[in-house]
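The lines below spell out each chain.
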Amino acid sequence: MSVVSIAQERRNMDQDQLKRAAAKAAIDDVVPGELVGVGSGSTVNFFIDELGAIRDRIAGAVSSSERSSDRLRSNGIEVLDLNTVVAAGRRVPVYVDGADEINPRLQMIKGGGGALTREKIVAAASEKFVCIVDASKQVEVLGRFPLPVEVVPMACELVAMRLRALGGTPVQRTGFVTDNGNLILDVAGLSITDPVATESVINQWPGVVTVGLFAQSAADLVLVASASGVLRIERRQ
C-alpha cells in the first residue's frame, strides 16, 4: 500500500470515529417508549447500530430507505409503515439523519445517498429533526456539494435545462434509481445564498419529485463531532 493510500485510510478511519461519536450522542435525544424516525447514510448507519443496543427501550422505527430498514431489522428493531403510524395517530418524537452539507442556519443539502424524498417525508412526520454530522460537513454557503434533485424519468432533460438556467451543471447519477423508481440529477456549480427561495422554485417545476434542500424545514438540532468532542447547536427560532 502506498503512503498516499495509508494516509487516506487513516483519514477515513478518523472520520468514521467522528461519525460514530455524533451518532452515539444522538441516543440522548431518543424518547424512551416511543418510535424513532431514522434517516439514511453512513453516519446514520452508526446511529442504527447504537439504537440496536437500546432496542428494548423504544417502540420501533420509521425508516427513510430500504437500506436503513434492512439495517434496523438486522439490529432487532421493528420497522413500521409510516402510513400506518400516521393513521393510528402515533407520535414520532424525533427524526435522526445526517447531511451532506449544513450551514449556520441549520439548513442542509441532503440526498447523496439518493433517499431525499423519503427523508423529507419522515422528517415532516416527526416532531424534532436531529442532524448528526462530522465537522467537515459545515459550510457558510450551501452548494459546494452537488445538489441532488429527484426527477420523474420523462422530465429529466426538461428539469436539467431549467437547472442550467439557474447556473448549475446537472449530471444524471449513473446507474442509480431511487426507492421510488425515479432518477437523480446532481447539480454542481450552485452557490445557494437563499436556500428557502431556491428550494421553493425548484420544487414547483413539473417532473421534480424533491429537491435535496432542507431549508424551509431546517434541522432543530445539529450534533457536530470534531476532535474536540460533540457540539450541540440548536436552531434559533
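The model shown is predicted, which means the values in this text are computed figures rather than measured ones.

A. Fine view of the packing of helix H2 (residues 42-52) against helix H3 (residues 66-74). The contact between H2 and H3 brings their axes to 9 Å, and the two run at 25°. Comparing their axes, H3 and H2 come out roughly parallel. Considering how the two elements wind past one another, H2 and H3 form a crossing that is right-handed. Two secondary-structure elements touch here, H2 through Val44, Asn45, Ile48, Asp49 and Leu51 and H3 through Ser68, Arg71 and Leu72. A class-by-class count of the residues in the contact of H2 with H3 yields four nonpolar, two polar and two charged.

B. Quick look at the environment of Thr193. You can see Thr193 is positioned in the loop between strand E9 (183-188) and helix H7 (195-203). By relative accessible area, Thr193 is classed as exposed at 67%. Note: C-alpha distance between Thr193 and Glu140 (53 residues apart in sequence) is 9.3 Å.

C. Looking closely at the sheet that holds E9. Ordered by their spatial adjacency, four strands build an open sheet running E8-E9-E7-E10, and the pairing between neighbours is antiparallel. Here the strands that pair on one side only, and so sit at the sheet edges, are strand E8 (169-172) and strand E10 (208-211). Going from strand to strand, the sheet's axes swing by 25° on average, the running direction of each strand aside. Sheet analysis places strand E7 (residues 147-151) next to E9, joined by five bridges and oriented antiparallel. When the bridges of E9 are listed, Pro148 appears paired with Asp186. Contacts from helix H5 (residues 116-124) reach E7, E9 and E10 within the one sheet, and its direction differs from that of E10 by about 70°. The strands touched by H7 are E7 and E10; relative to E10, the strand with the most contacts, the crossing angle is about 165°.

Here is what the cut-offs are and how they apply
- Residues numbered from 1 in each chain as written.
- Predicted model: local features only at pLDDT ≥ 70, side-chain atom pairs only at ≥ 80, totals over all residues.
- Heavy atoms only, no water.
- Axes fitted to C-alpha atoms, helices over the stretch in contact; angles between N-to-C directions.
- Helix = DSSP H or I, 4+ residues; strand = E, 2+ residues; numbered from the N terminus.
- Parallel < 35°, antiparallel > 145°, perpendicular 65-115°, else oblique.
- Left-handed = near helix turned anticlockwise from the far one by under 90°.
- Contact = heavy atoms within 4.5 Å.
- Nonpolar A, V, L, I, M, F, W, Y, C, P; charged D, E, K, R; others polar.
- Buried < 20%, exposed > 50% of the residue type's maximum accessible area, 1.4 Å probe, protein only.
- Pairing = 2+ DSSP bridges.

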